[in-house]
Amino acid sequence: MTVMATKILLLKDVDGLGRKGEIVSARPGYIRNYLIPQEFAEIATSQALRKQARLVEERQQQAIMDKQEAEQAASQVAEITLITIVKVDHEGHMYGSVSAHDVIDLLKKQANVEIERRSIQLKHALKTTGKHTIHLKFKEGVSADIKLDIIAEGSEEAAALQA
């Protein structure tokens, strides 16, 4: 049994589906249980299609503002090097890891910059000491890289930083 996808008009941007003002297809359950109750979309009727031009215009204006904000955020974090000191065992293996949430906290504390969790492109938590490059992806395709230096507690580098 195949389920027919239904055409809908997006009222807001939906990750993985489309942008505001686009007409897209989605599975009926997703539409009925999530998109319509959350007011992300409506069924693409002739009345909804008349709204489409206005929604596309609003989305274009929003895209311009989003790009400016993203470029500003990217310029704030460009060339930032974050430093964190972690506990390690006698063999040099970290107890735990550095996750995207930890990176957000470090950015807030060390650079006074706040970014969204989904901007950080970190597939797995970092489990090794040393220098790492973390890719950030903002709205409208704007991206930046930050450097993270994970230093073992008790090392000469950590002692120098704490002094």
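The structure we're discussing is the one just above.
Residues numbered from 1 in each chain as written. Predicted model: local features only at pLDDT ≥ 70, side-chain atom pairs only at ≥ 80, totals over all residues. Heavy atoms only, no water.

### Here we look at the sheet that holds strand 4 (residues 81-86)
Part 1 of the argument: One open sheet accounts for 4 strands, arranged 4-7-6-5; its pairing is mixed. Each edge of the open sheet carries a strand with a single partner, namely strand 4 and strand 5 (120-121).
Part 2 of the argument: When strand 4 meets strand 7 (residues 143-152), the two strands line up parallel, connected through 6 bridges. Within strand 7, the residue paired with Thr84 across the bridge is Ile150.
Part 3 of the argument: Strand contacts of helix 2 (residues 46-77): strand 6 (130-137) and strand 7, with the helix running at about 30 degrees to strand 7, the strand carrying the most contacts.
Part 4 of the argument: Its contacts with the sheet place helix 3 (residues 100-111) against strand 4, strand 5, strand 6 and strand 7, and it is angled at close to 115 degrees to strand 4. (Pairing = 2+ DSSP bridges. Helix = DSSP H or I, 4+ residues; strand = E, 2+ residues; numbered from the N terminus. Contact = heavy atoms within 4.5 Å. Axes fitted to C-alpha atoms, helices over the stretch in contact; angles between N-to-C directions.)

### Topic: the sheet that holds strand 1 (residues 6-10)
Part 1 of the argument: Strand order in the open sheet formed by 3 strands is 2-1-3, and the pairing between neighbours is antiparallel. The open sheet has two edge strands, strand 2 (23-26) and strand 3 (41-43), and neither has a second partner. Adjacent strand axes in the sheet meet at a mean angle of 45 degrees, parallel and antiparallel pairs treated alike.
Part 2 of the argument: Here 4 bridges tie strand 1 to strand 2, and the two strands are oriented antiparallel to one another.

### Digging into the packing of aromatic side chains
Part 1 of the argument: The final tally for this structure, using the stated rule, is 2 aromatic pairs.
Part 2 of the argument: Note on Tyr30 and Tyr34: the rings are 5.6 Å apart at their centroids and 15 degrees apart in plane angle, and the pair reads as stacked. Note that Tyr30 and Tyr34 are positioned in helix 1 (residues 28-35) at a spacing of 4 residues, about one turn of the helix.
Part 3 of the argument: Centroid distance Tyr34 to Phe40: 5.5 Å. Interplanar angle 45 degrees. Geometry classified as tilted.
Part 4 of the argument: Among the aromatic residues, those joined into a ring-pair cluster are Tyr30, Tyr34 and Phe40. (Phe/Tyr/Trp six-rings, centres within 6.5 Å; stacked < 30°, edge-to-face > 60°.)

### What about the pattern of salt bridges?
Part 1 of the argument: Enumeration over the complete set of coordinates arrives at 10 salt bridges.
Part 2 of the argument: One salt bridge in this structure joins Arg54 and Glu58, with 3.0 Å as the shortest N-O distance. With Arg54 and Glu58 both in helix 2 and 4 residues apart, this pair spans about one turn of that helix.
Part 3 of the argument: Take Glu58: its relative accessible area is 28%, and that puts it in the partly exposed class.
Part 4 of the argument: Residues joined in a network through salt bridges with shared partners are Asp13, Arg19, Arg59, Asp66 and Glu140. (Salt bridge = Lys/Arg side-chain N within 4 Å of Asp/Glu carboxyl O. Buried < 20%, exposed > 50% of the residue type's maximum accessible area, 1.4 Å probe, protein only.)

### Some details on the environment of Pro28
Part 1 of the argument: Structurally, Pro28 can be placed in helix 1.
Part 2 of the argument: Look at Pro28 and you get partly exposed, because its relative accessible area is 22%.
Part 3 of the argument: A C-alpha to C-alpha distance of 9.3 Å links Pro28 and Lys7, two positions 21 residues apart in sequence.

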